[in-house]
Amino acid sequence: MPPESKQWAGVASTDPRSARLSYRADIDGLRGIAVLAVVLFHGYPRNLPGGFLGVDIFFVISGFLITGLLQNQLTAGTFSFAEFYQRRVRRLFPALISVILITAIVSAFVYWGNQAQGLSWHIFGASLFLSNFFLWREVGYFDALAQTKPLLHLWSLGIEEQFYIAWPVLLWLSFRRRWRLKYILGLITGASFSYCIYLSYIDPAAAFYSPLSRAWELSAGGLLAICSPATMRKVVYGWLGVAGALIISACIFLVKQQGFYVWQAVFLVAGVLLVIASGSAGTPWSRVLAAKPLVYIGLISYPLYLWHWPVLVLARYCDARLFRHLSFLLIALSFVLAAVTYRYLERPIRRMEPLRDVSIRLFFAMAATSLVAVVGSVIPVSNLWYPPEVRPILDYANYDYVTDARVGECWIDPADRRQSFGSSCGFGEDRNGLKVAIWGDSHSGRLYPGLRRTAGSDIKIAEYVSSACPPIQNFSEVCQPVNEKAFQALENERPDIVILFARWTLYSNQYRAGSAINGLGYYVSRLKALGARVIVVGPFPVFKTDLPTLLLKEWSENKKAGLPVSLDGVPDRATAGVDRDLRAFAEKNSLRFFSLVDLLCSGNGCKTTFSDSPYDLITWDYGHLTTGGAEYVSRHLLDSIRDLARSRDSDFASLKENSAKKQLD
């Protein structure tokens, strides 16, 4: 992502000893467009839906520039591994260390509980340029929201640095062994692109974070750098630039699907290659990109990229509502910080000599940062800031929600096509007793442990859970296949009662057909056709953020009162409204409705614990049940289950009696 002091690419210098490339202002301008797209997307995601693709523009530019530079140095006989990596250190480390340290200091005053410990882990990953692997490892439905990770954006820097480590070795070997480099790069581009398509299908998170699935974007830029441009008229180059600009604009402004999608990246990469290729001929479009404002933004693009995300994240964390009105000022602040960093830190250090001494000092500064970070990630230093009476709350930061919920077995990731519901998710060979199945998203997955523990031996429990997928017809392209798998399993198991539970409030806003309730009827009717009785569990009264953080904030405002066992302001209007709508839906369709709002909330707010102890939290995050919380809910839910089973048996007996009378008549 970061350039040298200026981007060098195109026509070789007349001095063979320098092996430098002529400066192209249009590439700095293109870099400016890329960083603007990313920054504006993070500030106004709805207004610039494809802005996240600016990172892919960086990848292509980096591949083009570094490959051209290395090729010229190797040809001129001036290449040195030591000098190459020393220049990378001098270029990258000053701004990165500054951003990391200031982010850590501000976060220490802003974050509550053990959130600073998670940031330490991310600092450690960033200091090793392995952020993409660290974040890839964390991926999961319960991973903290991106808006809470101030160093999340460094994943792309990790991929680029991994490229910088491997690429010089590859080009050096190719030069020494006289390999045909364009065929080597073509093979790498094709193999990486194929791997990216494969991973996008089975593991989108891996496709996003893996350097192997991203390498084709960088190597595509490298291919352009080593291939001699075709001899064409200037007007043709001009039209190629216009075509590339239109493609880039369409990707950034018209794309609606957020998140890495390989076919979006294909079009974008093609557009970037066309723009770079046309710029070598000095076309009108290249002169547009070479405008001074765009070039300046390109020059400060590295520190601007580093600063903007921590500024936005920490401001949003302090006050999410106020953030919506201050996005422009926060982006302006990011520009100021980037300009100051470029003028008073990057440029002076870039001129420092000797290169070896400067790079060594910067290397040890980063090593010290890494050491402090790894200590902070292992030792919960933040515990020292809180008295013993509230420290048990901090332990919920590492809550184990996996072990007793059969995650990966009966609770699957819909994006991972390799996962499916196994036979163990059903009732097993023993078909005696009441057969109850749970179907829904992660909220139903966290209800399962409590129901399993509190149900007697006369009740069999089946579980069919898919993260972020409610039992709603055609909710999304990802969820529909999984929902059909779940229904097929239920069709085979023939449960007596099916419990439907999900985060209904969220899905009611997302469902393209209107209220989520509109999509429930399809599966409810199919379940009733199987002879199953249906219980709809209403929405959990979710908290604004994770419950431990809210409790610590409440405690800090009134320490004498201790930790509260209930919080007001919950449920919000949306949750209460969906609860009412679901109740009406259940009554209309002769279903049983179980309201968590009625169970957990009163005029004084909603429960935070499942017992009298302030440490027995009902949820460890915003609304997924702890095992103790699930047991509390399940004890009350079992009353409805048994009552429904008795009415079912009564109805069955009446039906049998009426059938016998008809036969006698």
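Here, the structure is the one placed above.
So, how was this worked out
Note on numbering: residues in each chain are counted from 1, in written sequence order. Since the coordinates come from a predicted model, pLDDT governs what is reported: local features require at least 70, and pairs of side-chain atoms require 80 or more to be given and counted, while whole-chain, interface and lining totals use all residues. Processing note: side-chain calculations cover all non-hydrogen atoms of the structure and skip hydrogens and water entirely. What is meant by a nonpolar core is a set of buried Ala, Val, Leu, Ile, Met, Phe, Trp, Tyr and Cys residues, joined one to another through side-chain atoms within 4.5 Å. The buried label applies to any residue whose accessible area, calculated with a 1.4 Å probe on protein chains only, is under 20% of its type's maximum; exposed applies above 50%, and partly exposed to all values in between. Helix and strand labels come from DSSP, where a helix needs a run of H or I of at least four residues and a strand needs a run of E of at least two; each type is numbered from the N terminus. Contacts are assigned to residue pairs with any non-hydrogen atoms lying within 4.5 Å of each other. Disulfide: a pair of cysteine sulfur atoms within 2.5 Å of each other. Strand pairing is defined by DSSP finding a minimum of two bridges between the two strands.

### As for the nonpolar core
For soluble globular proteins, the rule of thumb is that nonpolar side chains tend to be buried together.
1) Next: Counting residues in hydrophobic clusters, the biggest one holds 92 residues, and the most contacted among them are Trp439, Ile499, Trp504 and Ile641.
2) Next: Broken down by element, the residue count for this core peaks at eight residues, all from helix α25 (residues 627-664).
3) Next: Setting aside its immediate chain neighbours within four residues, Ile499 contacts Val436, Ala437, Ile438, Trp439, Leu447, Leu451, Ile535, Val537, Leu637 and Ile641.
4) Next: Grouped together as the second largest cluster of nonpolar side chains are 71 residues, Phe59, Leu170, Leu185 and Tyr305 included.

### Considering the environment of Asp430
1) Next: Within the secondary structure, Asp430 is located in the loop between β3 (411-412) and β4 (434-440).
2) Next: Residues Asp430 and Lys460 lie 30 residues apart in sequence; the distance between their C-alpha atoms is 8.8 Å.

### Quick look at the state of the cysteines
1) Next: As enumerated under the stated definition, the model contains three disulfides in all.
2) Next: Note that Cys469 is cross-linked by a disulfide to Cys479, the S-S spacing being 2.0 Å. Across the S-S bond linking Cys469 and Cys479, the dihedral sits near -80°, which makes this disulfide left-handed. One end of the pair, Cys469, is in the loop between β5 (459-466) and α19 (479-493); the other, Cys479, is in helix α19, and ten residues separate them in sequence. Cys479 shares its class with Cys469; the two are buried.

### Quick look at the sheet that holds strand β10 (residues 601-602)
1) Next: Spatially, β8-β11-β10 is the arrangement adopted by the three strands of the open sheet, whose pairing is antiparallel. Each having just a single partner strand, β8 (566-567) and β10 make up the two edges of the open sheet.
2) Next: Pairing of β10 with strand β11 (residues 605-607), which is carried by two bridges, proceeds in the antiparallel orientation. What sits directly across from Cys601, in β11, is Cys606.

### Comments concerning unusual backbone geometry
1) Next: Of the consecutive residues Glu353 and Pro354, the connecting peptide bond is found in the cis state with omega at 0°.
2) Next: Along the chain, the position of Pro354 falls in the loop between α15 (320-350) and α16 (355-378).
3) Next: At the junction of Val570 and Pro571, the peptide bond is cis and its omega measures out at 0° in the coordinates.
4) Next: Inspection of the secondary structure assignment puts Pro571 in the loop between β8 and α23 (573-588).
5) Next: At Ser590, a position not held by glycine, the phi torsion is positive, near 60°.
6) Next: Residue placement: Ser590 occurs in the loop between α23 and β9 (592-594).

So, to be careful, I would describe these as geometric facts and stop short of saying anything about function.
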